[in-house]
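# Results of the structural survey
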Amino acid sequence: MKNWNKQRYFLTIIGTVLCLSAMLFMNYMSHYNSIMSKLQNMSMGLLNETKDKVEKYLIRDKEVVQNTAFALEYMIENDVSTEKMKEYLVYESRQYRENVDEKFSGIYGYINGNFIDGSGWIPGEDYVPTEREWYVEAQKAMGETVLVSPMLDAKTNTMVMTVSKMFSDKES
């Protein structure tokens, strides 16, 4: 009889420990799922907020490229000199950097066979604008404004994203 009581006592303790363990596990899982759900909701909120900021930033840059392209195409049609176009790009680049984005590296392009950079950068002899991603992607887009995948900027040697647009002459 004593052995039976000892066995019952140990079975009761083991059963109690198993029940408590099961309740702790269920409580843990309930809190874990609740916390994970809250984190997921917070992450989605931050992701959507960041997406909105990036879209606004890119829309602004797209508009700058479209407006600049419109002005430059007008200049090309009216035989404005390359030097005057460069002055325009320098002015627009400075305005954008001073009034919109201090990290802006400038507006540049390949116009009438010449590389023109609004920041005044003059590339080395090995720089071939027509082989750069911004030029190739603009050509593929056939006149549409295109966002170029991140690339290594030849001027700053940093990763940048570029917005490009090919002019109607399909060369500039």
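This write-up is about the structure you can find in this document. Nothing here was measured: the structure is a model prediction, and the numbers come from that model.

A word on empty space enclosed by the protein. Under the definition given, this model contains 1 cavity of 30 Å³ or more. In this structure, the largest cavity spans a volume of roughly 70 Å³. Looking at the largest cavity, the residues that line it are S105, Y108, F115, D117, W121, Y127, R132, W134, D153, A154 and K155. Along the lines of polarity and charge, the residues of the lining of the largest cavity split into 6 nonpolar, 1 polar and 4 charged.

A few words on the packing of aromatic side chains. Here the structure, examined in full by the defined rule, presents 11 aromatic pairs. Measuring from ring centre to ring centre gives 6.1 Å for Y28 and Y32, while their planes differ by 25 degrees; the resulting arrangement is stacked. In this pair, Y28 and Y32 both sit in helix α1 (residues 2-77), 4 residues apart, roughly one turn of the helix. Through pairs of rings, three or more aromatic residues link up here, namely Y108, Y110, F115, W121, Y127, W134 and Y135.

Turning next to helix α3 (residues 133-140). Along α3, the positions that sit buried rather than exposed are W134, Y135 and A138. Seen from one end, α3 has its buried residues packed into an arc of 100 degrees, which puts them on one side. Tucked into the core, α3 has its buried residues touching β1 (108-111), β2 (114-117), β3 (146-152) and β4 (159-164). Where α3 terminates, the next one or two residues include M142, which has phi positive at roughly 50 degrees.

A probe matching the size of a water molecule, rolled over the atoms, marks out where space remains unfilled. Considering only enclosed or pocket space, the largest pocket measures out at about 780 Å³ in volume. V65, G106, M161, T162 and V163 are, among the 35 residues lining the largest pocket, the residues nearest its centre. Contributing elements (two or more residues each) for the lining of the largest pocket: α1, α2 (82-99), β1, α3 and β4. If one sorts the elements of the lining of the largest pocket by residue count, α1 sits on top with 9 residues. A breakdown of the residues in the lining of the largest pocket according to their chemical character gives 23 nonpolar, 7 polar and 5 charged.

Moving on, we get to the pairing of β1. Burial along β1 is two-sided: Y108 and Y110 facing one way and G109 and I111 facing the other are all buried. Note that β1 and β2 share 4 bridges and pair antiparallel. Note that in β2 the partner of Y110 across the bridge is F115. Counting the residues that bridge the hairpin from β1 to β2 gives 2 residues, and of these N112 lies at a positive phi of roughly 50 degrees.

What follows covers the nonpolar core. One recurring pattern in soluble globular proteins is that nonpolar side chains are buried together. Counting 14 residues, the largest nonpolar core has L72, M85, Y88, L89 and I111 as the members making the most contacts within it. With residues up to four places along the chain from it excluded, the contact list for I111 reads L72, I76, M85, L89, I116, F167 and S172. Membership of the second largest hydrophobic core comes to 9 residues, among which are Y110, Y127, A138 and V148.

Okay, the pairing of β3 next. Bridge count between β3 and β4: 5 bridges; the pairing is antiparallel. Bridge pairing in β4 links L147 to V163. Where β3 folds back on β4, the antiparallel hairpin that results is connected by 6 residues, among which N157 adopts a positive phi of roughly 60 degrees.

Thresholds, definitions, all that
- Residues numbered from 1 in each chain as written.
- Predicted model: local features only at pLDDT ≥ 70, side-chain atom pairs only at ≥ 80, totals over all residues.
- Heavy atoms only, no water.
- 1 Å grid on protein atoms, 1.4 Å probe; cavity = no way out; pocket = protein on both sides within 12 Å on 5 of 7 lines; lining within 4 Å.
- Points joined across faces, edges and corners; volume = space filled by probe spheres on them.
- Nonpolar A, V, L, I, M, F, W, Y, C, P; charged D, E, K, R; others polar.
- Phe/Tyr/Trp six-rings, centres within 6.5 Å; stacked < 30°, edge-to-face > 60°.
- Helix = DSSP H or I, 4+ residues; strand = E, 2+ residues; numbered from the N terminus.
- Buried < 20%, exposed > 50% of the residue type's maximum accessible area, 1.4 Å probe, protein only.
- Arc of directions from axis to C-beta.
- Contact = heavy atoms within 4.5 Å.
- Pairing = 2+ DSSP bridges.
- Core = buried A, V, L, I, M, F, W, Y, C linked by side-chain atoms within 4.5 Å.

Structural measurements only, silent on function.
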